[in-house]
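Below are the chains, spelled out letter by letter.
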Amino acid sequence: MSDVTPPSVLDAVLRRSRGTLIERMGIVVVEASPQRMVATMPVEGNMQVMGLLHGGASCVLAETLGSLGSMLHVWPDASVVGTDINATHHRAATSGVVTGVATAITLGRTLCSHEVVITDEEGRRVCTARITNLVRPLPPDAPRLDGSPARGSSAPQAGGSSA
């Protein structure tokens, strides 16, 4: 498990986010490592009927950051699934962009947890969340996020020969 995020891994993850909730919510990752993830999300389009940032949108941002940070930690032989998320909403956001910063609490072989602080454009705390992910080994035949062959695959490696 690595402390450094290979660019190809993050690029692959972000390519796979096309058409997902990450894209629909307008989440943009601006910093990425297992220890610290940072992303922004617009308030507009992510509001509840009273014109405030939806609490569920804050949870989506928090889960995205914690899950991506955990995934980067376990690369390349494992995946993660969220098992718990909780959030405290401190104040309303009604416009602009919010920023989420996920900081690792623990990065283990079985569980990864991150605290996520979401702030408005004035730096005021909007939400504090905690997400825990369960680490699951990838099956030997599972494709890798970066497009490399599965472990044990007979497919030739990039730049290699099949002869």
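Residues numbered from 1 in each chain as written. Predicted model: local features only at pLDDT ≥ 70, side-chain atom pairs only at ≥ 80, totals over all residues. Heavy atoms only, no water.

Enquirer: Any details on the overall build of the protein chain? Residues and values, ideally.
Expert: Check the secondary structure of the protein chain and you find three helices and six strands. Counted from the first residue to the last, the protein chain has its helices and strands arranged as α-α-β-β-α-β-β-β-β. Here the protein chain holds 163 residues, and 37% of them are scored as buried. In the protein chain, the share of contacts with a sequence separation of at least 24, taken over all contacts with a separation of at least 6, comes to 62%. With an accessible surface of roughly 8,700 Å², the protein chain has 53% of that area assigned to carbon and sulfur atoms. (Helix = DSSP H or I, 4+ residues; strand = E, 2+ residues; numbered from the N terminus. Buried < 20%, exposed > 50% of the residue type's maximum accessible area, 1.4 Å probe, protein only. Contact = heavy atoms within 4.5 Å. Areas by Shrake-Rupley, 256 points an atom, 1.4 Å probe, with all protein chains shown as cover.)

Enquirer: A description of unusual backbone geometry should follow, citing residues and the corresponding values.
Expert: Cis geometry marks the peptide bond from tryptophan 75 to proline 76; its omega dihedral reads 5°. With respect to the element layout, proline 76 can be found in the loop between helix 3 (55-74) and strand 3 (78-89).

Enquirer: Describe the sheet that holds strand 2 (residues 36-42), listing the residues and the values that go with them.
Expert: Spatial strand order, 1-2-4-5-6-3: six strands in an open sheet with antiparallel pairing. Each edge of the open sheet carries a strand with a single partner, namely strand 1 (28-32) and strand 3. Along the sheet, successive strands turn relative to each other by an average axial angle of 20°, direction set aside. Direction of pairing for strand 5 (residues 111-119) relative to strand 6 (residues 125-137): antiparallel, over a ladder of nine bridges. Bridging from a neighbouring strand, isoleucine 118 pairs with cysteine 127 of strand 6. (Pairing = 2+ DSSP bridges. Axes fitted to C-alpha atoms, helices over the stretch in contact; angles between N-to-C directions.)

Enquirer: Requested: an account of the pairing of strand 1, with residues and values cited.
Expert: Here four bridges tie strand 1 to strand 2, and the two strands are oriented antiparallel to one another. What sits directly across from valine 29, in strand 2, is alanine 39.

Enquirer: Now, about the environment of threonine 128: what can you tell me, with residues and values included?
Expert: Mapped onto the secondary structure, threonine 128 falls in strand 6. According to the relative accessible area criterion, threonine 128 is buried, its value standing at 15%. Remark: the alpha-carbon pair of threonine 128 and valine 101, spanning 27 residues in sequence, is separated by 9.8 Å. Beyond its immediate stretch of four places on either side in the chain, threonine 128 contacts Asn86, Ala87, Thr88, His90, Glu115 and Val116. Within the structure, the side chain of threonine 128 is placed 2.8 Å from the side chain of histidine 90, a separation counted as a polar contact. (Polar contact = N/O pair within 3.5 Å; in protein donor to acceptor, adjacent residues only side chain to side chain.)

Enquirer: Can you break down the nonpolar core residue by residue, with the values?
Expert: Counting residues in hydrophobic clusters, the biggest one holds 25 residues, and the most contacted among them are Met41, Leu53, Leu61, Val98 and Val116. Listed by contribution, the elements that provide at least two residues to this core are helix 2 (21-25), strand 2, helix 3, strand 4 (97-107), strand 5 and strand 6. When residues in this core are grouped by element, the largest group, six residues, is from helix 3. Discounting chain neighbours no more than four positions away, the residues touching valine 98 are Ala39, Thr40, Met41, Val43, Leu53, Leu61, Ala93, Ile118, Thr119 and Asp120. In terms of nonpolar packing, the next biggest core, distinct from the first, is built from five residues, Ala78, Val80, Cys112 and Val135 among them. (Core = buried A, V, L, I, M, F, W, Y, C linked by side-chain atoms within 4.5 Å.)

That is the geometry; function is a separate question.
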